[in-house]
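So the chains spell out like this:
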Amino acid sequence: MNKPLLAALSSLAIAGVGAAPAVAAPQAKAAAAVTVNFAGTVSLSNCSGSVIRFPNSADTDPALVLTNGHCLETGFPAPGQVITGQSSSRSFGLLNASGSRVGTLRANQVVYSTMTDTDVTIYRTTTTYAAIKSTYGISPLTVQDTHPTAGTAIKVVSGYWKRTYSCNIDGFVYRLKEGDWTWKDSVRYTSACNTIGGTSGSPVIDTNTGKVVAVNNTGNEDGQRCTENNPCEVDASGNVTVRQGINYAEETYLIPACFTTGNRLDLSAAGCALPKP
């Protein structure tokens, strides 16, 4: 995992402290339709995250924060475990476009958290999108509700490090296995996104739409096979591939279908395919 920060210093040793923030090189195609920056991202005590909304969210809804399941303050959810409605007082540093911390948001609930099939935690905050916009001039990031596409130009935006990584979606992994956990249909980056510890939970943003298509979560650091910090790819036939130095994310397009009016979680909603408790 691009882990909670306790492992970040060792990750930096592996990646190199001078690992560049992977600013995209000029490309032959026209510039991206949107500007991707730090606005709406957050820093956690040990991870990165973002303030998110869904296509049908209202400005008056309680604001949600997205990060990884393995960033949960009470520890990694066990394989098969799904946590909903757990009280929380987690705080988040809200960043503006340039990456400066402009305020603090606070959670009152872990709405959803799991490391089964995916690696996500979604917090409910004590404020609304409208209040954040009014106070800080910052809007949430919208989660795309359709499957991402291979080849898409993306940015991984880390609120913890205030660092942006630019690359493309290289493809999708049938099963990504790391230690006791298995994730389905994961995003594999091209090599330019050399994410490190502390980038866990960063939104993966489509640079053409500005929408969140995945949440950054792991990479193979040492070339080991299917161990913690060394995920392996498993195809539908059970063949295992190890790609040292390659990093991954978990898709988020399944999440919007599981939230209804008022940003309320409804795991029984039609079309909701997230793992259930």
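Above this text sits the structure in question.
The numbers attached to residues start from 1 for each chain and follow its sequence in the written order. Restriction of local features to residues with pLDDT of at least 70 applies here, the model being predicted, together with a cutoff of 80 or more for giving and counting side-chain atom pairs; totals for whole chains, interfaces and linings are based on all residues. The basis for every side-chain value is the complete set of non-hydrogen atoms in the structure, without hydrogens or water.

Examining the pairing of strand E5 (residues 91-95)
For clarity, the cut-off: For each residue, the accessible area found with a 1.4 Å probe, counting protein chains only, is set against the maximum for its type, and the residue is called buried under 20%, exposed over 50%, and partly exposed in between. Secondary structure is summarised from DSSP: a helix means a run of H or I of at least four residues, a strand means a run of E of at least two, and numbering begins at the N terminus for each. We call two strands paired when DSSP finds no fewer than two bridges between them.
With 4 of its 5 residues buried, E5 lies for the most part within the structure. Bridge count for strand E1 (residues 41-43) against E5 is 2 bridges, and the pairing is antiparallel. Within E5, the residue paired with Ser43 across the bridge is Gly93. Examined bridge by bridge, E5 and strand E6 (residues 101-114) share 5 bridges and lie antiparallel to one another. Each residue of the ladder has a partner; that of Leu95, found in E6, is Arg101. Linking E5 to E6, which pair antiparallel, is a turn of 5 residues; within it Gly99 sits at a positive phi near 95°.

Topic: the nonpolar core
Within soluble globular proteins, side chains that are nonpolar tend to cluster in buried spots. How we decide: Among buried residues, the Ala, Val, Leu, Ile, Met, Phe, Trp, Tyr and Cys ones that are joined through side-chain atoms within 4.5 Å form a nonpolar core. In what follows, residue pairs with any heavy atoms lying within 4.5 Å of each other are defined as contacts.
The biggest cluster of nonpolar side chains holds 43 residues, and the ones touching the most others in it are Val51, Leu64, Leu66, Phe92, Ile255 and Phe259. Counting residues per element, the ones that place at least two in this core are strand E2 (48-53), strand E3 (62-67), strand E4 (82-87), E5, E6, strand E7 (120-128), helix H2 (129-136) and strand E13 (212-219). Considering every element that reaches this core, the biggest residue donor is E6, with 5 residues. Excluding residues that lie within four positions of it along the chain, Ile255 makes contacts with Phe54, Leu66, Val120, Ile122 and Leu274. The next biggest cluster of nonpolar side chains, apart from the first, holds 13 residues, and it includes Ile169, Ile196, Ala214 and Ala249.

Remember, this is a structural readout, not a statement about activity or role.
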